[in-house]
Amino acid sequence: MKPKVIMPKMADTLSNNYLKEKGYDVITVPDVTEQALLDHPDVAAAILFVSPIPNTIYDKLPNLKVFARYGVGYDSVDANYAASKGVWVTNTPGANAVSVAESAVSDLLLLAKRSPWISQKNARR
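Residues numbered from 1 in each chain as written. Predicted model: local features only at pLDDT ≥ 70, side-chain atom pairs only at ≥ 80, totals over all residues. Heavy atoms only, no water.

**Things to note about the overall build of the protein**
Piece 1. In terms of helices and strands, the protein carries 6 helices and 5 strands.
Piece 2. The C-alpha extent of the protein, read off along each of the three principal axes, is 65 × 30 × 25 Å.
Piece 3. Per-residue burial for the protein yields a buried fraction of 28% across its 125 residues.
Piece 4. If you take every contact in the protein between residues at least 6 apart in sequence, the share linking residues at least 24 apart comes to 24%.
Piece 5. A total of about 8300 Å² of accessible surface is found on the protein, and carbon and sulfur atoms cover 58% of it.
Piece 6. Positive and negative side-chain charges of the protein, numbering 14 and 12 respectively, have mean locations separated by a distance of 11 Å. (Helix = DSSP H or I, 4+ residues; strand = E, 2+ residues; numbered from the N terminus. Buried < 20%, exposed > 50% of the residue type's maximum accessible area, 1.4 Å probe, protein only. Contact = heavy atoms within 4.5 Å. Areas by Shrake-Rupley, 256 points an atom, 1.4 Å probe, with all protein chains shown as cover. Lys, Arg positive; Asp, Glu negative; His and termini not counted. Charge placed at Lys NZ, Arg CZ, Asp CG, Glu CD.)

The following block contains the structure:
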């Protein structure tokens, strides 16, 4: 029996169906929410975006071994509680480093040219 992984359809598309090609039984949903997990109680792993996952879920998913958080931080999952239930929680540190750097440079340029204040002043006219 192949391990079941639930993940957002977009993540499956972005990964070129990598897990399917490696032999996993992949269940795609628009977003991995508490309800999506409860609809598939036999999953071994889940790839998460930002939907919060409550601590009450672990006792309802007996086969769950991994929550892979797509993004940085653990905002939507209590990693310590998950660990106490035997579930690994991972994330992708540095995945947004380029976007953050681009945003910082853009903000610096906007501030250097005083764009927010000029736009606000022109909007009043």
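From this point on, the discussion continues.
**Overview of the nonpolar core**
Piece 1. Counting 19 residues, the largest nonpolar core has Ile6, Leu37, Tyr58 and Phe67 as its most contacted members.
Piece 2. Listing elements by their share of this core, those giving two or more residues are strand S2 (25-29), helix H3 (34-38) and strand S3 (45-48).
Piece 3. Not counting residues within four places of it along the chain, the set of residues in contact with Tyr58 comprises Leu64, Phe67, Val77, Asp78, Tyr81, Ala82, Lys85 and Val87. (Core = buried A, V, L, I, M, F, W, Y, C linked by side-chain atoms within 4.5 Å.)

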